Amino acid sequence: MRILTLLFSLWLAAGSAAAAADGPQIGGPFTMTDMHGEGVTEQSYQGKYLLVFFGFTHCPAVCPTSLLSIAHALDALGGDADKVQAVFVTVDPARDTPEVLAKYVANFHPDIVALTGSDAQVEAIAQAYRVYYARVDVPDSEAGYLMDHSAAIYLMGPDGRYLTMLRHNAEPGDIAGAVREYF
Ligand code: NI
């Protein structure tokens, strides 16, 4: 009985140590389409630090501000920006086709990649990153509807592991600094 209890405690301790080392379960495999219409997976960006941000091109304020901060962070990283890939993932695949995304992200920085996919693919990657999103109809607006969405900036390691998360309104210097901490 005592041995069983001991084994059980060891198993618990091993389990929690592993969980701590792994950190929160954020990210993981995905299959999407990039803004050039090419199929991509998490493997496509292996070896790079990823700055992952979810949003949509009709977003009136939060997305453009965050993307601009990410763009400025890439500039602030200078030559080190080669080690980083910024990835914008749409939560509005109905409107955000590869063509729309290509034009949109080019407004911010030439090195930002944008991803779209089927409803199911977007749902899967959002779930993997624990991103909430929902359509909100705005009948009187030109856009017709907006997407409510959580807006953290995720920093993932070159091995695909989650490292940390930044607020959507983080300053470019904060973003660049957070990335540099893990180099
Ligand atoms: Ni937004």
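What counts and what doesn't
- Residues numbered from 1 in each chain as written.
- Predicted model: local features only at pLDDT ≥ 70, side-chain atom pairs only at ≥ 80, totals over all residues.
- Heavy atoms only, no water.
- Core = buried A, V, L, I, M, F, W, Y, C linked by side-chain atoms within 4.5 Å.
- Buried < 20%, exposed > 50% of the residue type's maximum accessible area, 1.4 Å probe, protein only.
- Helix = DSSP H or I, 4+ residues; strand = E, 2+ residues; numbered from the N terminus.
- Contact = heavy atoms within 4.5 Å.
- Donors = N, O, S within 2.8 Å, 3.2 Å for Na, K, Ca; no water.

**Re the nonpolar core**
For soluble globular proteins, nonpolar side chains are generally found buried alongside one another. Within the largest apolar cluster, 57 residues are counted, with the highest numbers of intra-cluster contacts made by Leu 51, Phe 54, Phe 88, Leu 115, Tyr 129 and Tyr 154. Looking at this core, the element that brings in the most residues is helix α2 (residues 62-77), giving seven residues. The contacts of Tyr 154, once residues within four sequence positions are left out, are Ile 26, Leu 50, Leu 51, Val 52, Phe 54, Tyr 129, Arg 130, Val 131, Tyr 162, Thr 164 and Met 165.

**So, the coordination of the nickel ion**
Those protein atoms acting as donors to the nickel ion are Cys 59 (SG), Cys 63 (SG) and His 149 (NE2), and they sit at 2.0 to 2.2 Å. Along the chain, the residues that donate to the nickel ion are spaced as C-x3-C-x85-H.

**Things to note about the environment of Asp 80**
Locating Asp 80 in the fold gives a position in the loop between α2 and β4 (84-90). As for Asp 80 and Val 179, which are separated by 99 residues in sequence, their C-alpha atoms are 9.6 Å apart. With residues up to four places along the chain from it excluded, the contact list for Asp 80 reads Arg 180 and Phe 183.

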